[in-house]
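Below, each chain spelled out in residue letters.
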Amino acid sequence: MRILYVEDNPELRETIGMLMEGEGRAITTCATAEEALELEKAGSFDLLVTDVSLPGLSGTDLARQVLAVDPQRWVVLCTGYDLGAHPSGWGPHVRTLMKPFELEDLEALLVQVQSTLEKTPAGL
């Protein structure tokens with residue numbers, strides 16, 4: 001599973017990026033939504049995990065742009081603000097993770113995504 005993790009806080013980016021590592025997972029990290037869009041052009045990711053509050057383009061704007069290209073993409077929005085049910089209307093695989101989150105909650109989401117991807121035939 002290829003994961004793109006976007007977080008502007010360098011300590012969080014490094015720590016959470018390492019904690020997401022696991023068997024069958026490749027993590028790519030970056031600090032801005034603009035950087036993430038460039039990485040998206042260069043390769044494909046199975047999961048986008050992004051902070052909502054980013055400098056420049058927000059994490060929600062990034063998610064919308066990624067979902068416009070691939071509505072089936074898995075997206076996890078990390079936020080300290082209640083976004084309500086709104087993001088769930090963006091696609092079937094959009095989830096919200098409230099900050100501060102427990103590492104177990106993040107891991108449960110990663111396991112869910114990885115399990116779903118393994119069961120889905122390539123190209124669907």
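Residues numbered from 1 in each chain as written. Predicted model: local features only at pLDDT ≥ 70, side-chain atom pairs only at ≥ 80, totals over all residues. Heavy atoms only, no water.

**What about the pattern of salt bridges?**
A side chain with one charge may pair with a side chain of the opposite charge, provided their charged atoms come close. The cut-off we apply is this: Each reported salt bridge corresponds to a side-chain nitrogen of Lys or Arg within 4 Å of a carboxyl oxygen of Asp or Glu. Here a helix means four or more residues in a row that DSSP labels H or I, a strand means two or more in a row labelled E, and each is numbered from the N terminus. Partly exposed describes any residue whose relative accessible area lies between the buried limit of under 20% and the exposed limit of over 50%, with all areas from a 1.4 Å probe on protein chains only and scaled to the type maximum.
According to the stated counting rule, one finds eight salt bridges in the structure shown. With a closest N to O distance of 3.0 Å, Arg2 and Asp46 form a salt bridge. In this pair, Arg2 is assigned in strand β1 (residues 2-6) and Asp46 in the loop between α2 (33-42) and β3 (47-51), connecting sequence segments 44 residues apart. Relative accessible area serves as the criterion here: at 38%, Arg2 is assigned to the partly exposed category. Asp46 gets classed as buried once you look at its relative accessible area, which sits at 17%. Ionic pairing is found between Lys99 and Asp51, a salt bridge with its closest N-O pair at 2.9 Å. Highlighted residues: Lys99 in the loop between β5 (94-98) and α4 (103-119) and Asp51 in strand β3, separated in sequence by 48 residues. What makes Lys99 partly exposed here is its relative accessible area of 27%. For Asp51, a relative accessible area of 7% translates into the label buried.

**Some remarks on the confidence of the model for the chain**
Let me state the cut-off plainly: The predictor reports its confidence for every residue as pLDDT, a score running from 0 up to 100.
Per-residue confidence for the chain averages 89 on the pLDDT scale, and 91% of its residues sit at or above 70. No element of the chain has a lower mean pLDDT than β5, which averages 88, and none a higher one than β1, which averages 97.

**Overview of the sheet that holds β5**
Which entries qualify depends on this criterion: The pairing criterion is simple: DSSP has to find at least two bridges between the two strands. Each axis is a line fitted through C-alpha atoms, taken for helices only over the stretch in contact, and angles between the N-to-C directions span 0 to 180 degrees. Every residue pair with non-hydrogen atoms within 4.5 Å of one another is taken to be in contact.
Read from one edge to the other, the open sheet built from five strands follows the order β2-β1-β3-β4-β5, with strand pairing classed as parallel. What marks the edges here is a single partner per strand, and that holds for β2 (26-30) and β5. On average, each strand axis in the sheet is inclined to that of its neighbour by 20°, with strand direction left out of account. Looking at chain direction, strand β4 (residues 74-79) and β5 are connected through five bridges and run parallel. Paired with Val75 across the bridge in β5 is Val94. Packed onto the sheet, α2 meets β1 and β2 and runs at close to 160° relative to β1.

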